[in-house]
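For reference, the chains in residue letters:
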Amino acid sequence: MSSTVISDIATLVTNDPSLDGSGNSPLGLVRDAAVVIEGDRVVWTGASSKAPATDNRVDAAGRAVLPGFVDSHSHLVFAGDRTEEFNARMSGRPYGAGGIRTTVAATRAASDAELEANLTRYLTEALRQGTTTFETKSGYGLTTGHEARALRLAARHTDEVTFLGAHIVAPEYADDPAAYVELVTGEMLDACAPHARWIDVFCEQGAFDGDQARAILTAGRAKGLRPRVHANQLSYGPGVRLAVELDAASADHCTHLTDADVDALAGGNTVATLLPGAEFSTRAEWPDARRLLDAGVTVALSTDCNPGSSFTSSVPFCVALAVRDMGMTPDEAVWSATAGGAAALRRDDVGRLAPGAYADLVLLDAPSHVHLAYRPGVPLVAGVWRRGVRVV
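Anyway, here's the lowdown on the structure attached to this text. (Residues numbered from 1 in each chain as written. Predicted model: local features only at pLDDT ≥ 70, side-chain atom pairs only at ≥ 80, totals over all residues. Heavy atoms only, no water.)

With that settled, the discussion passes to the packing of aromatic side chains. The tally for this structure, following the rule as stated, stands at 7 aromatic pairs. Ring geometry for Phe-78 and Tyr-140: centres 6.3 Å apart, planes at 75°, overall edge-to-face. With Phe-78 in the loop between strand E5 (69–71) and helix H1 (83–91) and Tyr-140 in the loop between strand E6 (131–137) and helix H4 (144–155), the pair connects residues that are 62 residues apart, well separated along the chain. The burial state of Phe-78 is the same as that of Tyr-140; both residues are buried. Where Tyr-122 meets Phe-311, the ring centres are 5.5 Å apart and the plane angle is 65°; that geometry is what we call edge-to-face. On the criterion of sequence distance, the pair formed by Tyr-122 in helix H3 (residues 112–128) and Phe-311 in the loop between strand E12 (299–301) and helix H11 (315–325) is long-range, its members being 189 residues apart. Here Tyr-122 falls in the buried class, since its relative accessible area comes to 6%. One aromatic cluster in this structure is built from Phe-78, Tyr-122, Tyr-140 and Phe-311. (Phe/Tyr/Trp six-rings, centres within 6.5 Å; stacked < 30°, edge-to-face > 60°. Helix = DSSP H or I, 4+ residues; strand = E, 2+ residues; numbered from the N terminus. Buried < 20%, exposed > 50% of the residue type's maximum accessible area, 1.4 Å probe, protein only.)

Here is the structure:
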């Protein structure tokens, strides 16, 4: 295997505190640094002046390098868009179309080729902005065949595939939600489990209540799928505590939290994944990241990229929102978008730049990771390596 050193890095974010001289920063910052790649892995990090000899050299020219972003919550297998719905919402006008059901209809009508072309388009878009690991869900088919199809397509592009048959009750079952839960936990789960790693449920008023969510997640776990939960986005409810009880990897949204919810997260292993693109796109109340961080909760940041409530694939944009409107420091937001996302996927081979981790790196056209929040909206990503190969 050939080796490559990226040298003359002004600020290297490793997310390995042991590599920070002071040991005080969770980002494991190394100044005047270098990182050595061999094959698809990082094999060395440290001072640029001490870098070992390699086959190839890339000069970072005094710019910052950080781990590739880990986007641990997205909905990328869909067709159509909901421009009219967004325009009406932002213009203060009522809108009578079907929300998620609009996307369900378009997705069902699309061919496999059309769905995969859309998926590839948004993945390429995300990669250009530094995302090297992503999770994505089904949830816009809501029939056994359409859900299994979505998962098969997603699995061609990522290992982090989530079965979300329990996104909403399918339109055909509007008058009999119990029968839909039976479908999701039976025939649909049987068809979908072979193509997924995770199972998710939208535990919310108007979607699935606590008992239904528990039944769905428990059935998925019996099939070998690991739970994650859309929890407490629109209102207070049982989602967060259910996630902790079932040792879900992540409770996602976490906008409306009681003290008991925060205590549960702080005392468990479930990551609180915050999705500021959704609040930005709906003018909803921001999650209180500061409250969670001060309680000792592990926090991830993700895009929630979807056509209805958060149509952004930009993790840098979400970092800027989290710093501006959710009480996070730039260091905390960058950690949450890298190592935090990895924790939400229960991974330790991504989201950090230390020996043994995958060589997923982002080179910024800036001397520090702080510029991601300092210069919002500016395309700062100058280079991306995924599994040791430069792809941007």
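Back to the text.
Between its first and last C-alpha atoms H3 spans 24 Å; for 17 residues at 1.5 Å apiece the expected length is 24 Å, and the two agree. Of the positions making up H3, those classed as buried are Leu-115, Glu-116, Asn-118, Leu-119, Tyr-122, Leu-123, Ala-126 and Leu-127. Buried-residue contacts for H3 involve helix H2 (100–109), E6, H4 and strand E14 (381–386). (Expected span 1.5 Å × (residues − 1). Contact = heavy atoms within 4.5 Å.)

Approximately 550 Å³ is the volume attributed to the largest pocket. In this structure, the largest pocket is lined by 28 residues; those nearest its centre are Arg-82, Ile-100, Gln-233, Leu-234 and Ser-309. Elements represented by at least two residues in the lining of the largest pocket include exactly H1, H2 and helix H9 (276–282). When residues of the lining of the largest pocket are assigned to their parent elements, the largest contribution, 3 residues, is made by H9. In the lining of the largest pocket, the residues fall into 8 nonpolar, 13 polar and 7 charged. A volume near 250 Å³ is recorded for the second largest pocket. Contributing to the lining of the second largest pocket are 13 residues, with Gln-129, Ser-314, Pro-316, Val-378 and Pro-379 lying nearest its centre. Of the residues contributing to the lining of the second largest pocket, the split by class is 8 nonpolar, 3 polar and 2 charged. (1 Å grid on protein atoms, 1.4 Å probe; cavity = no way out; pocket = protein on both sides within 12 Å on 5 of 7 lines; lining within 4 Å. Points joined across faces, edges and corners; volume = space filled by probe spheres on them. Nonpolar A, V, L, I, M, F, W, Y, C, P; charged D, E, K, R; others polar.)

In this section: the pattern of salt bridges. Enumeration according to the criterion identifies 20 salt bridges in this entry. Residue Arg-290 pairs with Asp-294 through a salt bridge whose shortest N-O separation is 3.1 Å. Remark: Asp-294 and Arg-290 occur in helix H10 (residues 289–294); sequence separation between them is 4 residues, near one turn of the helix. Residue classification places Arg-290 among the partly exposed residues on the basis of a relative accessible area of 25%. For Asp-294, a relative accessible area of 57% puts it in the exposed group. (Salt bridge = Lys/Arg side-chain N within 4 Å of Asp/Glu carboxyl O.)

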